[in-house]
Amino acid sequence: MKISAFDPVIVSPDASSLIKLFEALGFETHHSPTNAIDGAEVTSTRMENAEGFHVDVVSTTTPRERDEMLIRMNVDDFDEAYALLTAQGFKNVKGDETIDLKSTKAVTMEAPTGFRISIVKHIKDPA
């Protein structure tokens, strides 16, 4: 399995303030797609600075009281990544469900200690 990205993600009830903070730190928005996921509108703003560091700031119409941090791990083999984390005791936060979009397959996995990794597989040639 090849990991092509390993970056922080912040899901926030106040994403616009976080985006402004990261802009002040020298990050620029590269893209900001919005998708319907589990009945909510979810916008993921991918930011990068001049040194190539990334951060994703996510907003959702699902009510949130506070920020949530996780790690985004882009992989070339979703099933292998899922199996590897499962073998280490991670659990899918949605049971057996995954997020399947036109160009992405994703899932959030939670470690026994509570931290989370989001596995993301980009689909190169969406049908």
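The paragraphs below set out a description of the structure included in this document.

Reading the values: rules and limits
Residues numbered from 1 in each chain as written. Predicted model: local features only at pLDDT ≥ 70, side-chain atom pairs only at ≥ 80, totals over all residues. Heavy atoms only, no water. Salt bridge = Lys/Arg side-chain N within 4 Å of Asp/Glu carboxyl O. Helix = DSSP H or I, 4+ residues; strand = E, 2+ residues; numbered from the N terminus. Buried < 20%, exposed > 50% of the residue type's maximum accessible area, 1.4 Å probe, protein only. Arc of directions from axis to C-beta. Contact = heavy atoms within 4.5 Å. Core = buried A, V, L, I, M, F, W, Y, C linked by side-chain atoms within 4.5 Å. Polar contact = N/O pair within 3.5 Å; in protein donor to acceptor, adjacent residues only side chain to side chain. Patch = residues over 30% accessible without salt bridge, like charges linked within 9 Å, V, L, I, M, F, W, Y side chains within 5 Å. Areas by Shrake-Rupley, 256 points an atom, 1.4 Å probe, with all protein chains shown as cover. Pairing = 2+ DSSP bridges.

Quick notes on the pattern of salt bridges
Here's step 1: In the structure shown here, the tally under the stated rule is 6 salt bridges.
Here's step 2: Residue Asp56 pairs with Arg46 through a salt bridge whose shortest N-O separation is 2.9 Å. On the criterion of sequence distance, the pair formed by Asp56 in strand E5 (residues 54-60) and Arg46 in strand E4 (residues 40-48) is long-range, its members being 10 residues apart.
Here's step 3: For Asp56, a relative accessible area of 2% gives the class buried.

Focus: helix H1 (residues 15-24)
Here's step 1: Taken as a whole, H1 has its buried residues at Ala15, Leu18, Ile19 and Phe22. Along the axis of H1, the buried residues cluster in a sector spanning 105°; they form a single face. Among the exposed residues of H1, those oriented more than 90 degrees off its buried face are Lys20 and Ala24.
Here's step 2: In this structure, the buried side of H1 is in contact with strand E1 (3-11), strand E2 (28-31), E4 and E5.
Here's step 3: Where H1 ends, the next residue or the one after it, Gly26, has phi of about 100°, a positive value.

Considerations on the nonpolar core
Here's step 1: Counting residues in hydrophobic clusters, the biggest one holds 11 residues: Met73, Val75, Phe78, Ala81, Leu85, Phe90, Val107, Met109, Ala111, Ile117 and Ile119.
Here's step 2: For this core, the secondary structure elements donating two or more residues are strand E6 (68-75), helix H2 (78-87), strand E9 (104-110) and strand E10 (116-122).
Here's step 3: A total of 3 residues in this core trace back to one element, the largest contributor, which is H2.
Here's step 4: Setting aside chain neighbours within four positions, we find Ile117 in contact with Ile71, Met73, Leu85, Phe90, Val107, Thr108 and Met109.

Observations regarding the side chain of Arg72
Here's step 1: Mapped onto the fold, Arg72 is located in strand E6.
Here's step 2: Side chain to side chain, Arg72 and Asp56 meet in a polar contact 2.5 Å long.
Here's step 3: Filtering out sequence-adjacent residues up to four positions away, Arg72 remains in contact with Ala5, Phe6, Asp7, Val9, Arg46, Asp56, Ser118, Val120 and His122.

A short note on the side chain of Thr45
Here's step 1: Examined against the element boundaries, Thr45 turns out to sit in strand E4.
Here's step 2: Polar side-chain contacts of Thr45 include one of 2.8 Å to the side chain of Ser32.
Here's step 3: Setting aside chain neighbours within four positions, we find Thr45 in contact with Ile19, Thr29, His31, Ser32, Val55, Asp56 and Val57.

Focus: a nonpolar patch on the surface
Here's step 1: On the surface, Met1, Ile3, Phe6 and Leu84 cluster together to form a nonpolar patch covering roughly 370 Å² of accessible area.
Here's step 2: With respect to the element layout, Ile3 can be found in strand E1.

Here we look at the pairing of E4
For a regular strand, the rule is simple: side chains alternate between the two faces of the sheet.
Here's step 1: Where E2 meets E4, 3 bridges bridge the pair, whose relative direction is antiparallel. Pairing of Glu28 across the sheet is with Glu48, part of E4.
Here's step 2: By the bridge criterion, 4 bridges tie strand E3 (residues 34-37) to E4 in an arrangement that is antiparallel. Within E4, the position partnered with Asn35 by the bridge is Val42.
Here's step 3: Where E3 folds back on E4, the antiparallel hairpin that results is connected by 2 residues, among which Asp38 adopts a positive phi of roughly 50°.
Here's step 4: Judged from the 7 bridges that link them, E4 and E5 form a sheet pairing that is antiparallel. Paired with Val42 across the bridge in E5 is Thr60.
Here's step 5: The antiparallel hairpin formed by E4 and E5 contains 5 residues in its connecting segment, where Gly52 sits at a positive phi of about 90°.

Remember, this is a structural readout, not a statement about activity or role.
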